[in-house]
Amino acid sequence: MNNLEKTLYKLKKEKKKAISIFLTAGYPNVNTTEKLIIEIEKYSDIIELGIPFSDPIADGPTIQYSSQKALENNVNLEKCFSIVKNIRKKTKIPVILMGYLNPIYNYGLNAFFSKSHKTGVDGIIIPDLPFEESSLIRKLAKKYNIAYIPLVALTSGLKRAEKISKISTGFIYVTAVTGITGARAELSDELIPFLKKLKNKTSKPLFVGFGISKPEHIEKLKKYCEGFIIGSAIISLIKKKKSIINFLKYITRNI
Amino acid sequence: MLPDKNGYFGKFGGRYAPETLIPAIIELENFYKNIKTDKSFHAQLNYYLKNYAGRSTPLYFAKNISKIFSSKIYLKREDLCHTGSHKINNALGQALLAQKMGKTRIIAETGAGQHGVATATVCALLGIKCEIFMGYEDTKRQALNVYRMKILGANVIPVYSGSKTLKDAINEAMRDWVTNIKTTHYLIGSCVGPHPYPMIVRDFQSIIGKEARKQILEIEGHLPDYLLACVGGGSNSIGLFHPFYNDNNVKFIGVEAGGLGLSSGKHSATLEKGKIGILHGSKSFILQNKDGQVLETHSISAGLDYPGVGPEHSYYKSTKRAEYVSVTDKEAIYGFKLLSESEGIIPALESSHAIAYLSKIKNKIKNKTIIICLSGRGDKDVEYLKSR
C-alpha cells in the first residue's frame, strides 16, 4: 500500500469524505506553493500538484492562467519534484502529480516515475492519456509504486467507465461536467445518476472534480462519492490573495 | 495499410485526448469506417466535389517557369477550387459525414483562414451552424478571410491565448468540443489530431494525388520524378503524396516554413528542428523546448505557422520516404513573385514556399518532371504583403 492508498483506507474506515486540493506548481511562485501545501494540510486529505503545460486543452481560463504564470517562472518537472522533496520534510500528505503527457514523455517515462518514487510522489493523473494508450505508463507506475488515477467522464458510458475503473490503483476521477476545468454554479444533471450506477460496478473510491466550488455541490453529492477535487476555485482565491482555509472551512461545512 | 487499427503510422499517431472526447472519437471512427464503403455517401460527395467545388482541378504545365529551371513543372491547381484552396475537399467530406452523424453544429480552427472559409462555405450549403476559432494574430494578417467567413454566416471567434495563432486556435476548438461534444463535430482542417482525424483528412485530400497521378500519366505517359508541396500541418502535401506512396521512384519533398531562418529560432520547421512528442491528440514531431513545452513559431504564412505536423509526415520522415526541407519568409516572397510574374498565377504564401524551393534544387531537377501542389490562391495575402 502506498501513502495514498493508506489515506484512502483510513478515510473509508472513518467514513469521512476526502478533500483533494489542486495547486498549480509554481503559481504564483515556487515558495508560495510549498508554503500553501503546509498551510492547507490540516484542511485537505490529498494534494494534487499541477505540472504546468503550454497547451492545456482540458483546462478553462483559470488554470490556463496559472499554468502560464508558472511557466513564466520557469517551472519545469525538476522544480515540481523539488517542491515535493521540500514539503516531504514537513508533511506526509499524499501528493499526486497531475499533468499533460508531453512534458512527462519529454522527461523520459522511466526517469519520471523513478524520480517520482524517490521524491515521495504518491500518484499520477494524466488528463490527455486515455485508457487505450495507458498500458506502458501503468506498468511503470506499478513498478515504482505510484498510484495510477484514471479519469472517467459523463460521456464514457457505464461499460467503458467500468473498464477504466479496473485499471485504477487509487481512486477514480469522475468529471462533474462535460467540459473543461473551471468553477461553475451548476454541475451536470447526469452526474448523480451516473455516480449511482458506477458505484454498483466498482468498489474503488469515486472522486468528483471539475466545477466543484460551492458547499451545495458537496452536500448534494456526498452520498454518492468518496471525495472531492477542488482546483479552479482555489486558484482563483490565490489570484485574489484570499484565504484558502476560510474557503475550505466554508465549502466543507456539512461533511 | 496505415494507420494500423490503433491509429499509428509506425510509432507516430495514436489517440491522446481527454476522456470526455474519446467515446465521440470512437463513434466518429466507426461511422467513418461504414461510410468508407457506402456508395451513396461517395456519390453525394463526388457530386459536390464536381459540381460545387469544381473538381477535377487541372494539372497545368507551367511552361515559363519550366523554361527557367530547364525542367517540366506541372502545377496541381488546387487554387482553382471553390473557396480558393484544397481545404474544400476535406471540409465537404467531413461536413457530409457530420450531417449523417446527426451533428447540428460544426466548429473548426483556421490559420490562414482558408480552412475556415471552406468550412463556413460548406456549412452555409448544408445549413449547419458554424463557429470558427482563429488566433487573434491571424485575424489581423488574414483579415479578408475573416470577412469572407462572416459573409458566409459563420461566427469567427478570435483566440487570445498563447501565441494567438493556429496552435492556440486548435486548443480553443478542442476546449469547445469537450464542452459541446453531443451536438458538435470538430472539423479539423489538417492531418493532425487524435486518430481517426489524420486518416480521415488524408483520405479526403488524397483526391489531389489521385487526380494528379492519372493526369500526369495521360499527359506524359510516365510518373513524375518529384512531388513538391508545402507542409504546415501537412494536409495538401499528404493529399498529393499518399496516392504515390508505392511509386518508389517518385521522390516526395515537403517544404516547411523557415521563417527568419532555422538558426534564428523564429520558424515553423517542425520536421527539421522538432523532437518527438504529443500535441493535439497524436504523437509526432513537435517544436518544443527542453522541458517539453511547445514553442511559439513564426512564419510569414499563417497556414504554415504551427509547431506540430501530421503523424503520417513524421512516419515518412523517419522511414525516409519523404524529404523535408524549408525556405525562409524572404524566399517564399520570391516564390510568390516568380509565379505571379512568370505564369500569371498569384499563389498563396503557403504554396509559395513550394515554388520557392525550386531554385534551391535547380541543379537536381534539370530535365526532370515535377508536380507542385499549388494548394491555394494568393488573393488573401495581397493586402498583407502590400502593408509590409
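Above this text is the structure in question.
These notes cover the structure that comes with them.

Conventions we followed
Residues numbered from 1 in each chain as written. Chains lettered and ligands numbered in written order. Predicted model: local features only at pLDDT ≥ 70, side-chain atom pairs only at ≥ 80, totals over all residues. Heavy atoms only, no water. Core = buried A, V, L, I, M, F, W, Y, C linked by side-chain atoms within 4.5 Å. Buried < 20%, exposed > 50% of the residue type's maximum accessible area, 1.4 Å probe, protein only. Helix = DSSP H or I, 4+ residues; strand = E, 2+ residues; numbered from the N terminus. Contact = heavy atoms within 4.5 Å. Buried area = accessible area lost by both parts, 1.4 Å probe. Salt bridge = Lys/Arg side-chain N within 4 Å of Asp/Glu carboxyl O. Polar contact = N/O pair within 3.5 Å; in protein donor to acceptor, adjacent residues only side chain to side chain. Nonpolar A, V, L, I, M, F, W, Y, C, P; charged D, E, K, R; others polar. Pairing = 2+ DSSP bridges. Axes fitted to C-alpha atoms, helices over the stretch in contact; angles between N-to-C directions. Right-handed = clockwise from strand over helix to strand, strands pointing away.

1. Digging into the nonpolar core
Phase 1: The biggest cluster of nonpolar side chains holds 92 residues, and the ones touching the most others in it are A:F171, A:L221, A:I230 and A:L248.
Phase 2: Broken down by element, the residue count for this core peaks at six residues, all from helix 4 (residues 77–88) of chain A.
Phase 3: One finds B:Y32, B:L97, B:I181 and B:I188 within the second-largest nonpolar core, a separate group that totals 67 residues.

2. Regarding the interface of chain A and chain B
Phase 1: On the chain B side, the residues contacting the 34 residues of chain A number 36 residues.
Phase 2: For the pair chain A and chain B, the summed buried surface comes to about 2,800 Å²; carbon and sulfur atoms form 50% of the total.
Phase 3: Viewed at the interface, chain B and chain A are joined by three salt bridges.
Phase 4: Of the charged contacts, one joins A:D55 and B:K167 as a salt bridge, the two residues approaching to 2.8 Å between their closest N and O atoms.
Phase 5: At the surface where chain A touches chain B, the tally comes to 21 residue pairs in polar contact (both at pLDDT 80 or more).
Phase 6: Ranked by residues supplied to the side of chain A that touches chain B, first place goes to helix 5 (residues 101–107) of chain A with five residues.
Phase 7: Tallied by class, the residues present in the side of chain A that touches chain B amount to 17 nonpolar, 10 polar and seven charged.

3. Topic: the sheet that holds strand 6 (residues 129–135) of chain B
All names here are of chain B.
Phase 1: The strand order across the open sheet built from four strands is 7-6-5-8, with neighbouring strands paired in parallel fashion. Strands with a single pairing partner mark the edges of an open sheet, and in this sheet they are strand 7 (155–159) and strand 8 (184–186). Along the sheet, successive strands turn relative to each other by an average axial angle of 25°, direction set aside.
Phase 2: Relative to strand 7, strand 6 runs parallel, the two sharing five bridges. Among the inter-strand pairings, G135 is bridged to a residue of strand 7, identified as V159.
Phase 3: Of the strands in this sheet, strand 5 (105–110), strand 6, strand 7 and strand 8 touch helix 8 (residues 166–179), which is tilted by about 160° from strand 5.

4. Some points on the pairing of strand 10 (residues 251–259) of chain B
Residues and elements named next belong to chain B.
Phase 1: With eight of nine residues buried, strand 10 is to be regarded as a mostly interior element.
Phase 2: Note that strand 9 (residues 226–230) and strand 10 share five bridges and pair parallel. Bridging across to strand 10, Y226 finds its partner in K251.
Phase 3: Note on the crossover from strand 9 through helix 11 (residues 235–241) to strand 10: the handedness is right-handed.
Phase 4: Bridging between strand 10 and strand 13 (residues 322–328) involves seven bridges; their strand directions are parallel. By the bridge assignment for strand 13, I253 is matched with E323.

5. Quick look at unusual backbone geometry
Residue and element names in this part refer to chain B.
Phase 1: The step from R55 to S56 runs through a cis peptide bond, and the omega angle for that step is 0°.
Phase 2: Topologically, S56 is positioned in the loop between helix 2 (39–51) and strand 3 (59–61).
Phase 3: With an omega dihedral of 20°, the bond running from H195 to P196 counts as a cis peptide bond.
Phase 4: The topology assignment puts P196 in the loop between strand 8 and helix 9 (197–205).
Phase 5: Here K164, not a glycine, exhibits a phi torsion of approximately 60°, which is positive.
Phase 6: By the secondary structure assignment, K164 is in the loop between strand 7 and helix 8.
Phase 7: Judged by its relative accessible area of 26%, K164 is partly exposed.
Phase 8: Of note, the phi angle at K320 is positive, near 60°, even though the residue is not glycine.
Phase 9: For K320, the location among the structural elements is in the loop between helix 13 (311–318) and strand 13.
Phase 10: By relative accessible area, which is 73% here, K320 ends up exposed.

The analysis is restricted to geometry; functional conclusions fall outside its scope.
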